[in-house]
Amino acid sequence: MSYVVAVDIGGTFTDLVAFDHDSQNVIYTKSPTTYGNFVDGILECFAKARVQPADATFLNHGTTLVINSLIQRRGARTALVTSKGFRDVLEIARGNRPDPFDLYYQRDEPLIPRELRFEVPERMDAKNEVITPLDTAALEALAAELKDLGVEAVGVFFMNSYLNPGHEEQAAETLRRLLPETYVTFSTELTREWYEYERSSTVAANAYVGPQVNTYIRRLESEMQGKGFDGSLFMMGSNGGLLSVDRTCRQPIGLVESGPIGGCIGAGAYAGALGFDNVVAFDMGGTTAKSALVENGRFSVESVYYVNGYVKGFPIKSPVIDIVEVGSGGGSIAWLDDQKRLHVGPQSAGSTPGPVCYGNGGTEPTITDANLILGRLNASRFLGGEMTLDIEAARRTLAEKIAEPLGYGGDEGLIRMADGIVSIATVIMAGAIRRVSVEHGLDPRDFVLFCYGGGGPLHARALAHELSIPTVVIPPEPGNFSAIGMLLADARLDLSKTFVGMLEGATVGEIQGQFAEMEYEAAAALAAEFGASEVTFEHHAEMRYRGQRHNIKVPVSGLADERAIRAAFEHDYKRRYGHADPKAAAEFQALHLSAFARQRRPDIARLPRAQASAGSEAKRPVYFGGAGGMVETRIYDRDGLAPGFTAAGPAVIEEYGSTTLVWPGDRFEIGPMREIRIQCGVK
Amino acid sequence: MDAASDKSSAQSTIDPITLEVIRHGLISITDQIDANITRTAFSPYIYEYKDFAVGIVTPDGHLMAQCKGGMPPFVADSVGTAVRDGLKVYGRERLHYGDVVVCNHAAVQGQHLNNTVMYTPIYAGPDREALIGFFAINVHWIDVAGAAPKSADIFDEGLQLRSIKLWSKGEPIEEVYRIIENNTRFPVDLLGDIESQLAGCLLGRDQTAALAERYGIPTFFSAVETILDQGEAAARARIRALPDGTYEAETFLDNDGDNDTPIPIRVKVVIAGDELTVDYTGLAPQQKGCVNSGYYGGGVTTARVAFKYLIMPNEPANEGIFRPLKLVLPEGTILSADPSAPMGNYSMPFPSVIDVVIRALGKAVPELATGGHFATHSGFRLHGRWPDGTPFNGHDSGHGGWGASARGDGAGPFRTMAHGDTRLIPLELQESILPIRIHEFTLRQDSAGAGRYRGGLGFRKVYDITADCLLQTNLDRTKHAPWGAAGGKDALPGRVTVFHKAGGDPVIMCKAKGYRLAAGDRVVLETGGGGGYGPPRERARTAVTRDLARGYISREAAARDYGFKD
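For clarity, every value in this text was computed on a predicted model and none was experimentally measured. (Residues numbered from 1 in each chain as written. Chains lettered and ligands numbered in written order. Predicted model: local features only at pLDDT ≥ 70, side-chain atom pairs only at ≥ 80, totals over all residues.)

Residue and element names in this part refer to chain B. Within helix α13 (residues 555–562), the full set of buried residues consists of Ala 558, Asp 561 and Tyr 562. The buried side chains of α13 occupy one side of the element, clustering within an arc of 90° when seen end-on. In α13, those exposed residues whose orientation departs by more than 90 degrees from the buried face are Arg 555 and Glu 556. At its buried positions, α13 is contacted by α12 (541–550). (Buried ≥ 20, exposed ≤ 12 C-beta atoms within 10 Å, placed from the backbone. Helix = DSSP H or I, 4+ residues; strand = E, 2+ residues; numbered from the N terminus. Arc of directions from axis to C-beta. Contact = placed C-beta atoms within 7 Å.)

Turning next to the packing of helix α12 (residues 410–437) of chain A against helix α13 (residues 456–467) of chain A. Residues and elements named next belong to chain A. Contact geometry for α12 and α13: axes closest at 9 Å, N-to-C directions at 65°. α12 and α13 meet at a crossing whose hand is right-handed. Between α12 and α13, the residues in contact are Val 422, Thr 426, Val 427, Met 429, Ala 430 and Ile 433 and His 459, Ala 462, Leu 463, Glu 466 and Leu 467, respectively. For the contact of α12 with α13, the per-class residue count stands at eight nonpolar, two polar and one charged. (Axes fitted to C-alpha atoms, helices over the stretch in contact; angles between N-to-C directions. Left-handed = near helix turned anticlockwise from the far one by under 90°. Nonpolar A, V, L, I, M, F, W, Y, C, P; charged D, E, K, R; others polar.)

This part is about the packing of helix α2 (residues 16–40) of chain B against helix α6 (residues 187–215) of chain B. Residue and element names in this part refer to chain B. Close contact between α2 and α6 brings their axes to 10 Å; oriented N to C, the two are set at 165°. The orientation of α2 relative to α6 falls into the category roughly antiparallel. When you trace α2 past α6, the crossing you get is right-handed. Residue-level contacts link Thr 18, Ile 22, Gly 25, Ile 29, Ile 33, Asn 36, Ile 37 and Thr 40 of α2 to Ser 196, Gln 197, Gly 200, Leu 203, Gly 204, Gln 207, Thr 208, Leu 211 and Tyr 215 of α6. Here the contact of α2 with α6 is composed, by residue class, of seven nonpolar, ten polar and no charged. (Parallel < 35°, antiparallel > 145°, perpendicular 65-115°, else oblique.)

Residues and elements named next belong to chain A. By domain assignment, chain A separates into domain 1 (3–69 + 217–258), domain 2 (74–214) and domain 3 (491–597). Between the C-alpha centres of domain 1 and domain 2 the distance comes to 31 Å. Contact residues are listed per partner, giving twelve residues for domain 1 and twelve residues for domain 2. Contributing elements (two or more residues each) for the side of domain 1 that touches domain 2: α2 (65–72), α6 (196–226) and α7 (245–250). Tallied by class, the residues present in the side of domain 1 that touches domain 2 amount to seven nonpolar, three polar and two charged. (Domains from an automatic or database assignment.)

Right, let's get into the sheet that holds strand β16 (residues 469–474) of chain B. All names here are of chain B. Judged by pairing direction, the sheet is antiparallel, and its four strands sit side by side in the order β13-β12-β16-β19 without closing on themselves. Whereas interior strands pair on both sides, the edge strands pair on one side only; in this sheet they are β13 (391–397) and β19 (511–517). Neighbour-to-neighbour, the strand axes of this sheet turn through a mean angle of 15°, independent of strand direction. Where strand β12 (residues 379–385) meets β16, five bridges bridge the pair, whose relative direction is antiparallel. Residue pairing for β16: Phe 380 is matched across the bridge by Thr 473. (Pairing = 2+ DSSP bridges.)

Structure (structure tokens):
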């Protein structure tokens, strides 16, 4: 046996998927997430799946540890060391108020308070000249002070270090030597881009989560090894690739969006296997919905990410797949404000107490309650029958809190309001998809809508209608899809560098030199960390017209001269903004290199679990709004549908953890990978 | 649509779901065009200062929806004002599908001439027979010629375009483009920005028409009317909860930049039932310096911005929420100047005016009261030529402290109440393009007003000058410091101090033009803090200890303001 195993730790469940390369068997298990020691939940999954850790050759692991630690402020006692005169850069931030009319607006407190931010004499200028050498005596005295203060982690950030990291490296080395027990990190080992606030904020966050992530990973490694595991452990990076354990320990910030990435990778892999160039990946869970684009098999990766959002949060410069998230999930609450205006979310009943129909003490009507009232969920077969839903409680609550106050009495009024709640949620979620597509100059109608997560398949069809997307695809195992994606990930390493210069012949040569250096560094790292011998590269340049402040990221792989780069820049600029100026001078701002090493992947066609169930003949009334009202609808058991099966809507297709809705006038079929394909009918 | 039509019928013809879907639809259209403009514009006023606004206006020229971003002064229906003038000039029947109109006229908008509204009528229906509104975008045009801030009147400030068609029935009018192109110092940038403004108008128009057609034009009108009525009802409910009465406050601007006389800003706020009146009778008269603005661009704008801060911070801006706001504003004040008055720095008084309105109402409602904020644009500009003769020109600005409130300590440093999502320029970028090295960039100790809750801190930025250049600064409110509230102390105002390498006493200044600096000089920009809230002696000892440990306050200030002893 030779398993490749993926483990995804979520807020409620730890999911495990194991694929045996020898037998081509696949195993899925789920176990409650064990707060306190996450490793227990992982080992429980192995036990339930009857996979011996000794039989696992690869373990790919995603976790929300980093983002939770940053948002809940549960990281280490951390100090920041800066150039003299600049310890407040972290606190002053960029001085903006993204919520302009909030008189009391406050940004989240800095991760590191002022009393733990220290300065040492040192300075480079903007031409890379040393103005003040690093004062090593002052640094040594500071090390002693940090020790007395019981500091567990230190971040080092110096002005203009993006040009020359020498002083930062030297300071980190000294601190590591004098404080061997302390986690030490410096800004330019995380990013070589300019802008002092963004770099200091990045290194502060990396230091803050460093000790926790190191402790967790070393513990996971040693406990797994204790159970006989001698394969390779890789972590799921926010950039959509696997990271080695060593790199993760140095750059834990690379895990910031480790959780939701798996689904995007899965969507990309399926899109490739099914021959779709362009896919909108859409994931709807209990509290939020997320959307990302896969264009020609590639994700767009953003180089800045705001922890706790742009309005109040802080930035980190770390490559993260461009995911737009909105507060709409199954648990999102419908409520009326004092003008009796109906809102859906962003507050969520989450999984506890959860929707009213769960019967766990939820008192506010949610999207899930609305779907149940509309006949779209099966009250007696929720989670494969592990839970029974209380439809009467859902109806009572929705009537009392929404329908009656708005003057919609009786059965008909109730149905109308339940449908309305789902419609409003659809508009909000469609907004997320528009943001990732239209703002990049792409038309969602050219994409296939690929939906997963517990709620994705249920709302897919309405979203397709809202966005005029003709085709919907629901992959197998939509409820486990994030873990599946992690099985399919490759190793990836991103390097970036500020490079300022005009687009002209001489700089193009310089850029090639810079990329060659970066390629050398990345290839060496992937060889050391993954034993990779074949590494492929993608090159992007951040460019703009001279005088502009916003850059666009242009793919420049294989473009050897000024004209070709100019053409690529204008093509992308025009696509995004609708116009380009052939006369205006263009300039470079930064270079990004992505390096990939392919991992051994399971055969996607083998991933759906073995089919057991027979077909069912059940029917029940389901509400379809404008498409016919309450309609007697055929209920299918997904496990009983073989590839090639096709039928007309309306239909409800039920499986463990998810339900797919097909509208009247649609046709659906089961595809070669056991995916459900819905051809949306006339509106 | 007629604002006077029967409100109850509007309520009954639209169901609450369609209403919400249209509400989300309208705001998401303006937000999407906002994002497009931010990214396509050429000029930093737009992408960095967000000096623009995107709105949808009713067929009679009133704001139905506006983007969430953008600068606060633009929530005041700058776009509606321009459309109403166009309706007056052309009449509905001469505003065709495919027409695009521009307006920056001082007698209409009453702001500096850079602020130019562009709009296009939105026709919907199978034959585009129904005018359902206008899609309008106000953009700060980078340059429209003129001599501001040295202007004596508006005619010194550049090109005025009063409701001029830039496109007619889908065709550009090249003569108008030529006029614009030849009346600006930066034609490439300006025409680039106009292109982006135009693309936004047309895309927004089409999306709004599609939204209306999807639900039917009567339903769309009904939704818009209900949205405005609900906004109005929400505002009235908030005002009704405030105690009736007349509340007054004042402060003084240092001067108009022309001669050194303090400028009084006296304001009365009257709460009567569910209406709020801002009475500007006590404002200073129109000034010789270019700090004036017109009735809409100044008076209505500042009153609406203050109203939004106080009454409706979370409600999207539309005409409905402002219906309960009344304005008393005689002609000829600094905020209702004659259209010929100089207006180049029209927004200079805004932060103080807005803050004084908030101060007045704070006297009635302690939970709304805040200490004053630093309230000045704090312009700071270094310019000159490199040794090879090429020019450099660095615009910088001060961020200062905001006032404390009953909720807690003040925040900041931020820009003023007339700014929003405006980010400071990174030091590493400044050092790479200007002859400066920043020696220090820190929070300014003891700059905040003391109180049970302390104000926010200003900053201290120390520039080491590495080549000869000229300095222009524009700090105000240095003589009338940001005030404390409810027994809190005043904060320190801002100042600029120059230490010449050649020696001599440090030179302290607020407003300077063309001040000579030499390599080796040091300039210190210190910005004001925010006022405190409540008596300082009531501040929790743990909070004083923490402020000391962090260095937000000095030992002397702790002893003096808080009676703190170890």
